[in-house]
Amino acid sequence: MANLIKLRDHTIHHTDKIFVDTNVWFWFTYAASNEIETENQPLRYQTLNYPEFLEKVLDTGASLFHSPLTLAELSNVIDRTEKEIHNVCLLYTSDAADE
């Protein structure tokens, strides 16, 4: 059975087995996530705490796990985010052209 943990309160041990969901992988791996200026822009803890926690897990030698569907879901989230960023850029470009 899985236990939900609070990142700030959890002491990581090398025997820990951590299941990481898609949202955490998104904030950890997607470089543009720090500069998203859309309705779904990240909260500070997402771009700071998640990556910091995963780095600590890796440093202690604990194991990270994911569902096989995570990569498909992650690619969908990244694609959707890129589309939102593109749409925002188009909006700014068309607004600038109108001036």
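Scroll up for the structure.
Report follows, based on the coordinates. (Residues numbered from 1 in each chain as written. Predicted model: local features only at pLDDT ≥ 70, side-chain atom pairs only at ≥ 80, totals over all residues. Heavy atoms only, no water.)

Here D16 lies in the segment before β1 (17–19). Here D16 occupies a buried position and makes no salt bridge, while the nearest side chain of opposite charge, K17, is found at 9.6 Å. Setting aside anything within four residues of it in sequence, one finds D16 in contact with H10, T11, A62 and S63. (Helix = DSSP H or I, 4+ residues; strand = E, 2+ residues; numbered from the N terminus. Buried < 20%, exposed > 50% of the residue type's maximum accessible area, 1.4 Å probe, protein only. Lys, Arg positive; Asp, Glu negative; His and termini not counted. Salt bridge = Lys/Arg side-chain N within 4 Å of Asp/Glu carboxyl O. Contact = heavy atoms within 4.5 Å.)

The next point concerns the packing of aromatic side chains. Under the counting rule described, the total for this entry stands at four aromatic pairs. Relative to Y30, the ring of F26 has its centre 4.9 Å away and its plane inclined at 25 degrees; by these criteria the two rings are stacked. Classification of Y30 as buried rests on a relative accessible area of 9%. Grouped by ring-pair contacts, the aromatic residues F26, W27 and Y30 constitute a single cluster. (Phe/Tyr/Trp six-rings, centres within 6.5 Å; stacked < 30°, edge-to-face > 60°.)

What follows covers the pattern of salt bridges. Counting across every chain of the model gives one salt bridge. Ionic pairing is found between K56 and E52, a salt bridge with its closest N-O pair at 3.7 Å. A residue pair is termed a helical-turn pair when its members lie 3 or 4 positions apart in one helix, as K56 and E52 do in helix α2 (residues 44–60) at four residues. Among the residues examined, E52 registers a relative accessible area of 45% and is labelled partly exposed.

Turning to α2, a few remarks are in order. The terminal C-alpha atoms of α2 lie 24 Å apart, and with 17 residues this matches the ideal 24 Å at 1.5 Å per residue to within 8%. Those residues of α2 hidden inside the fold are in contact with β1, α1 (22–29) and β2 (63–65). Just past α2, the residue G61 takes up positive phi, approximately 90 degrees. (Expected span 1.5 Å × (residues − 1).)

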